[in-house]
Amino acid sequence: MAKNLQEEDFTRIIKFTPPLCKQRYQFIKDLVEKYKPKKVADLGCADCTLLWMLKFCSCIEVLAGLDICASVMKEKMYRLSPLPVDYLQPAERSLTVTLHHGSVAHKDPCMLGFDLVTCIELIEHLEESELRKFPEVVFGFMAPSTVVISTPNSEFNPLLPGVKLFRHPDHKFEWNRMQFQSWALEIAGQYDYSVEFTGVGHPPTGMENVGFCTQIGVFIRKYPQTGELTQSEKPAEAVYKTVFKAVYPSLKDEKYLQNAVVGEVIFTAQIIKQSLLDRLMSEHEYDDDPTERKSKFQPSVNCFSEDLGKLVVGKSMEPFVNGNAVYIPLKTIFSFPKVNRLCGTFEKLCKLIAGKVMLSSDGSAVVFNTECENEEK
């Protein structure tokens, strides 16, 4: 009797911090940080919250979501579109996000080649016939390196307020830990995966025997894919309908790379030019005091760019003034870490800025006409 009263008390007061859904998503993010997958698919993606969180993971280049309810995806899918800042400052990695309308009981070639597949609170929504097909679709056909499946732990239900049978009216079943582990181990053995069990949502002190509120199985494929022959026969045609696709701007696209390089070259050259002119003006002002002169070009405007402090300039790379023109050698600009990182080689720098930046007649330096700038001012 005392035990029943204790459970009733927990039913009234139990609360997860952070909320259970956020704990599940954080579990996936931590897993992504550990395994660094490039391609991730979320089956049963619903309102795309997990996909939205994962798009900020720099290792991921392909994100795909699948759900049987297109309207739920469409309601929030705008969050997966690139923002203006993504175009102003393209990332070094490429990123493509696609949403598909379809069932996890069907095979579609668009879901091949993924490193990580997540199924968060999905299987309990499947009809018995769908659940039977699910392992072959995910583990046999898709065959990713890692699969994460989470599902309610029915042993925890007595502690949850208002839960009579299932936690959600659409749930077809809710398994206890033994049922889930038995199902998962059978699948792992059949498709050559190992599986480890864990969960999120710790029980209250004194009730540890019920386990986590959400139970999780992490499946790792034992043997790497050796080719298409290891996968089940591919369907002749696609069965999913694509409802959304976004391709993010990336520095891997030469168009965006060129814009970034041209902008950085002009920015760097402007700073060097201004530093040179400031030095010349200082030398002119203190012409009677040789100790105040600066014997060679030394950028002194670190407040504009951290790269300036790292620059080492030889004599042959010094900028100079000739008449009304200021010449900034390309090799000086290329020695700046950010420009160097963007281009990789000096030859690529020359190729990317050709026709986009005013250069000297021999193409070795960026040229600024100070007379034109003074007229504009």
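Since the model is a prediction, treat every value here as computed from it, not as a measurement.

J.: Sorry, what's going on with the layout of surface pockets here?
T.: If a probe as big as a water molecule is rolled over the atoms, it shows which places are left empty. Taken as a whole, the largest pocket spans an internal volume of roughly 700 Å³. In terms of lining residues, the largest pocket is bounded by 29 residues, among which G44, A46, E121, L122 and H125 are the most central. Looking at the lining of the largest pocket, the elements with two or more residues in it are helix 2 (20–35) and strand 2 (62–67). When residues in the lining of the largest pocket are grouped by element, the largest group, four residues, is from helix 2. In terms of residue class, the lining of the largest pocket is made up of 15 nonpolar, six polar and eight charged. The calculated volume of the second largest pocket comes to roughly 330 Å³. Lining the second largest pocket are 14 residues, and of these Q89, P90, L251, A260 and K338 sit closest to its centre. Listing elements by their share of the lining of the second largest pocket, those giving two or more residues are helix 5 (84–88), helix 8 (254–285) and helix 10 (337–343). When residues in the lining of the second largest pocket are grouped by element, the largest group, four residues, is from helix 8. Of the residues belonging to the lining of the second largest pocket, the class tally is eight nonpolar, two polar and four charged.

J.: Explanation requested: the sheet that holds strand 9 (residues 320–322) in the structure shown.
T.: The strands making up a sheet associate through hydrogen bonds between their backbones, and the pairing can be parallel or antiparallel. What the three strands build is an open sheet, ordered 9-10-11; its pairing is antiparallel. Both edges of this open sheet fall to strand 9 and strand 11 (365–369), since each of them pairs with a single strand only. On average, each strand axis in the sheet is inclined to that of its neighbour by 25°, with strand direction left out of account. Relative to strand 11, strand 10 (residues 325–329) runs antiparallel, the two being bridged by five bridges. When the bridges of strand 11 are listed, P329 appears paired with A365.

J.: Would you mind showing me how to read helix 11 (residues 346–353) here?
T.: What sets the pattern is the α-helix's 3.6 residues per turn: residues three or four places apart point alike. Turning to helix 11, its buried residues are L349, L352 and I353. Summarising the axial view, the buried residues of helix 11 lie within an arc of 85°, below the 170-degree limit, and thus occupy one face. In this structure, helix 11 carries E347 and K351 as exposed residues pointing more than 90 degrees from its buried face. Positioned one or two residues after helix 11, G355 has a phi angle of 80°, which is positive.

J.: Can you walk me through the pattern of salt bridges in this structure?
T.: If the charged atoms of two oppositely charged side chains come close together, the side chains can form a pair. According to the stated counting rule, one finds 10 salt bridges in the structure shown. Here R341 and E92 are joined by a salt bridge, their closest N and O atoms 3.9 Å apart. You can see R341 sitting in helix 10 and its partner E92 sitting in the loop between helix 5 and strand 3 (96–101), a full 249 residues away along the chain. E92 matches R341 in its accessibility class, with the two residues each being exposed. In this structure, K172 and D170 form a salt bridge, with 3.1 Å as the shortest nitrogen-oxygen distance. D170 sits in the partly exposed class, given a relative accessible area of 34%.

J.: Sorry, what's going on with the nonpolar core here?
T.: Ranked by internal contacts, the top residues of the largest apolar core, which has 41 residues, are L54, I60 and L99. Element by element, the count of residues in this core is highest for helix 2, at six residues. In this structure, A41, L126, L131 and F219 belong to the second largest nonpolar core, which totals 34 residues.

J.: Quick question: what am I supposed to make of the sheet that holds strand 6 (residues 193–200) here?
T.: Strand order in the open sheet formed by eight strands is 6-7-5-4-1-2-3-8, with mixed pairing between adjacent strands. Each of the sheet's edge strands pairs with one partner strand only, and the pair in question is strand 6 and strand 8 (241–247). Neighbour-to-neighbour, the strand axes of the sheet open up by a mean angle of 15°, direction not taken into account. Docked against the sheet, helix 7 (residues 177–190) engages strand 5 (146–152), strand 6 and strand 7 (214–221), running at close to 155° with respect to strand 6.

J.: Sorry, what's going on with unusual backbone geometry here?
T.: Phi is mostly negative for residues that are not glycine, and the peptide bonds are mostly trans. Omega for the peptide link from T17 to P18 comes to -5°, which places this bond in the cis form. Of note, the phi angle at C48 is positive, near 70°, even though the residue is not glycine. Its location among the elements puts C48 in the loop between strand 1 (39–43) and helix 3 (49–54). According to the relative accessible area criterion, C48 is buried, its value standing at 1%. Phi is positive for D192, close to 60°, though the residue is something other than glycine. Note on placement: D192 falls in the loop between helix 7 and strand 6.

J.: It is not clear to me how helix 6 (residues 128–142) should be interpreted in this structure. Could you clarify?
T.: For helix 6, spanning 15 residues, the distance from its first C-alpha to its last is 20 Å, which sits close to the expected 21 Å at 1.5 Å a residue. A bend of about 30° at F134 is the largest found in helix 6, and the proline P135 appears one to four places after it. Those residues of helix 6 that sit buried are L131, F134, P135, V137, V138, F139, G140, F141 and M142. Elements in contact with the buried residues of helix 6: strand 1, strand 4 (116–120), strand 5, helix 7, strand 6 and strand 7.

J.: In this structure, what is going on with the side chain of H100? I would like to understand it.
T.: Among the structural elements, H100 can be located in strand 3. Within the structure, the side chain of H100 is placed 3.3 Å from the side chain of T242, a separation counted as a polar contact. Those residues in contact with H100 that sit more than four places away from it in its chain are A64, G65, L66, D67, M73, C110, M111, Y240, K241, T242 and V243.

Calculation notes
- Residues numbered from 1 in each chain as written.
- Predicted model: local features only at pLDDT ≥ 70, side-chain atom pairs only at ≥ 80, totals over all residues.
- Heavy atoms only, no water.
- 1 Å grid on protein atoms, 1.4 Å probe; cavity = no way out; pocket = protein on both sides within 12 Å on 5 of 7 lines; lining within 4 Å.
- Points joined across faces, edges and corners; volume = space filled by probe spheres on them.
- Helix = DSSP H or I, 4+ residues; strand = E, 2+ residues; numbered from the N terminus.
- Nonpolar A, V, L, I, M, F, W, Y, C, P; charged D, E, K, R; others polar.
- Pairing = 2+ DSSP bridges.
- Axes fitted to C-alpha atoms, helices over the stretch in contact; angles between N-to-C directions.
- Buried < 20%, exposed > 50% of the residue type's maximum accessible area, 1.4 Å probe, protein only.
- Arc of directions from axis to C-beta.
- Salt bridge = Lys/Arg side-chain N within 4 Å of Asp/Glu carboxyl O.
- Core = buried A, V, L, I, M, F, W, Y, C linked by side-chain atoms within 4.5 Å.
- Contact = heavy atoms within 4.5 Å.
- Expected span 1.5 Å × (residues − 1).
- Bend = angle between axes of the 7 residues up to and from the residue.
- Polar contact = N/O pair within 3.5 Å; in protein donor to acceptor, adjacent residues only side chain to side chain.

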